[in-house]
Amino acid sequence: MQLIQQSKQESLPKSKEINQPQFFPYTNNQGSCLGICGEKFAVLATDTRMSMGYSIVTRNATKYLKLTDKCVLVSSGMQADIETLHKILKARLTIYQNQHQKPMSTPAISHLLSRTLYYRRFFPLYTFNVLGGIDEDGKGCVFSYDAIGTLERVRYSASGSGSALIEPILDNQVGFKNRGDITDKTGFLEEDEVVELAKDTLTSTCERDIFTGDFVHIFVVNENGVREEKFELRFD
Amino acid sequence: MDPTKKTLQPYVTGSSVLAIKYNEGIIVAADTLGSYGSLARFTDLQRMSKVTNHTLIGGSGDISDLQQIQKTVESLILENTGFKKDEEPLTPKEIQQYISRVMYNRRSRFDPLWNHIIVAGYQNNESFLGAVDIFGTFYEDNTIASGFGAYFAQPLLRKGYKEDLTKDEAIDLIKTCLKVLFYRDARTINKFQIAEVSEGGITISDPFELETHWEIADWQEGHL
């Protein structure tokens, strides 16, 4: 019996797959995320629209995770994978808290996230994350990722369907790129300036990106903890 | 891997399920058809079922997978209440999360359960209306429509929804949507069931027909 099976397998062309429809396990639920850091704070924002194809499935989806009092994660991409990732991280942070009697630091979480994503290198979690908060020195920090865990500490970042519209605005307004009027390009914006900028950026983005809209969740992380705001976008 | 062991395409399928919240509960509706491709194969299937005294699940997509999910959820309930009858039963939210994990697991094994499940519940004076899809995606909303209903009924449900919608208004709205689906979705038949999920528990109606008018079809281009 085994011999027959073996010979059957050998007679098949090895380079080609058998022609059969294969289930495609990914879907993109779209949405935008952004993160901006200041000197002693970080602001993260994400919209609440969830799409499937060209349909709006719900206008009130959440895709953020408050990890500690000093760290917030916002994610876009496939909702089921995002939720799975968030559940894994939440569990890992609980274990850390129980073992060390203190919450994990934001830079440590940034590496935990990177490794969690890379662990699934050959069947990736289809998520595009922006992590932000304040580090051990109380400085604002934002970390940018790709789906398989590439990690970079940045001053600002955007991900998701509207990222191509958000990033250039942040380049100019936060990174001071092509700004003849500003000589000190290493400066930071103030907290209320950043919150207003995040709102304006997403309001502009949803004018052109049909997958971004409805509401925005905004998180301000500073030494006092995490402050949450909800802001209205286009509802169309 | 043996390809015959997987649902690579659905066989007997159910079409849309519609649901809307009203001021003191939820109305869920579906037709009773199980299609075999374009053949109306089974005409008296119930696609909604009561899983606890507070929670109802309805589903579209592959009927055998749906019945499998119903059995899985039933055994989950049994496991959680068998010896602990005094304890709080599983909440609708917990049941939705359970179904979501089952669906996500199956999609991750490239062996999905080909369904869109709607979970409706009323427990502790609170309405719950949520859904889970083939990938394990889950969400909550005031109105939910699966299958073709996502395109035809969902816009009507969203337009008709308001905070203080009464039961009669909700049923009227749902019936309008069912009629639209029967007119335009070729995988829907004129035999529907409406379920009510509220304080008083769950009641699933007997199948009924809606009044239709085909004489207006004469004005439709191409209709003889």
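Because the structure is a prediction, the values reported are computed rather than measured. (Residues numbered from 1 in each chain as written. Chains lettered and ligands numbered in written order. Predicted model: local features only at pLDDT ≥ 70, side-chain atom pairs only at ≥ 80, totals over all residues. Heavy atoms only, no water.)

Novice: What exactly am I supposed to notice about the overall build of chain A here?
Specialist: Within chain A, the regular secondary structure consists of 5 helices and 12 strands. If one aligns the C-alpha atoms of chain A with their principal axes, the spans along those axes are about 75 × 45 × 35 Å. In chain A, which comprises 236 residues, the share counted as buried stands at 51%. Partitioning the contacts of chain A with sequence separation of at least 6, the portion at a separation of at least 24 is 62%. Working note: accessible area of chain A is about 12,500 Å², and carbon and sulfur atoms make up 51% of it. The distance from the centre of the 27 positive side-chain charges to the centre of the 30 negative ones in chain A is 8 Å. (Helix = DSSP H or I, 4+ residues; strand = E, 2+ residues; numbered from the N terminus. Buried < 20%, exposed > 50% of the residue type's maximum accessible area, 1.4 Å probe, protein only. Contact = heavy atoms within 4.5 Å. Areas by Shrake-Rupley, 256 points an atom, 1.4 Å probe, with all protein chains shown as cover. Lys, Arg positive; Asp, Glu negative; His and termini not counted. Charge placed at Lys NZ, Arg CZ, Asp CG, Glu CD.)

Novice: Looking at this structure, how should I read the interface of chain A and chain B?
Specialist: Size of an interface: often given as the accessible area lost when the parts come together. At the interface, 26 residues of chain A touch 22 residues of chain B. Here chain A and chain B share an interface that buries about 2,000 Å² over both sides, 58% of which is from carbon and sulfur atoms. The interface formed by chain A and chain B contains 1 salt bridge. Where Arg107(B) meets Asp81(A), a salt bridge forms, and the shortest distance between an N and an O atom there is 3.3 Å. (Buried area = accessible area lost by both parts, 1.4 Å probe. Salt bridge = Lys/Arg side-chain N within 4 Å of Asp/Glu carboxyl O.)

Novice: What am I meant to see in the environment of Val180(B) here?
Specialist: Residues and elements named next belong to chain B. In this structure, Val180 sits in helix H5 (residues 167-184). Distance in space between the C-alpha atoms of Val180 and Gly61 is 20 Å, their sequence separation being 119 residues. Those residues within four positions of Val180 in sequence are excluded, and the remaining contacts are Phe152 and Leu156.

Novice: Can you help me understand the environment of Gly35(A) in this one?
Specialist: All names here are of chain A. Looking at the secondary structure, you find Gly35 in strand S1 (residues 32-37). Gly35 sits 109 residues away from Ser144 along the chain, and the two C-alpha atoms are 8.6 Å apart. Setting aside residues no more than four positions away along its own chain, Gly35 makes contact with Val43, Leu44, Val130, Val142, Arg155, Tyr156 and Ser157.

Novice: How should I be thinking about the state of the cysteines in this particular structure?
Specialist: By definition, a disulfide is the covalent link that joins the sulfur atoms of two cysteine residues. Residues and elements named next belong to chain A. Going through the model one piece at a time under the given rule, you end up with 0 disulfides over all chains. Cys141 supplies the cysteine sulfur nearest to Cys71, a cysteine that is in no disulfide, at a spacing of 7.2 Å. Assessed through its relative accessible area of 0%, Cys71 is described here as buried. (Disulfide = S-S within 2.5 Å.)

Novice: How should the sheet that holds strand S13 (residues 201-204) of chain B be read in this particular structure?
Specialist: By definition, the strands of a sheet pair up through backbone hydrogen bonds, in either a parallel or an antiparallel sense. Residue and element names in this part refer to chain B. In spatial order, the strands read S11-S2-S3-S12-S13; together these 5 strands make up an open sheet with antiparallel pairing. The open sheet has two edge strands, strand S11 (143-145) and S13, and neither has a second partner. In this sheet, neighbouring strand axes are inclined to one another by 10° on average, regardless of whether the strands run parallel or antiparallel. The strands touched by H5 within the sheet are strand S2 (17-22), strand S3 (25-31) and strand S12 (192-198), with S2 carrying the most contacts at an inclination of about 160°. (Pairing = 2+ DSSP bridges. Axes fitted to C-alpha atoms, helices over the stretch in contact; angles between N-to-C directions.)

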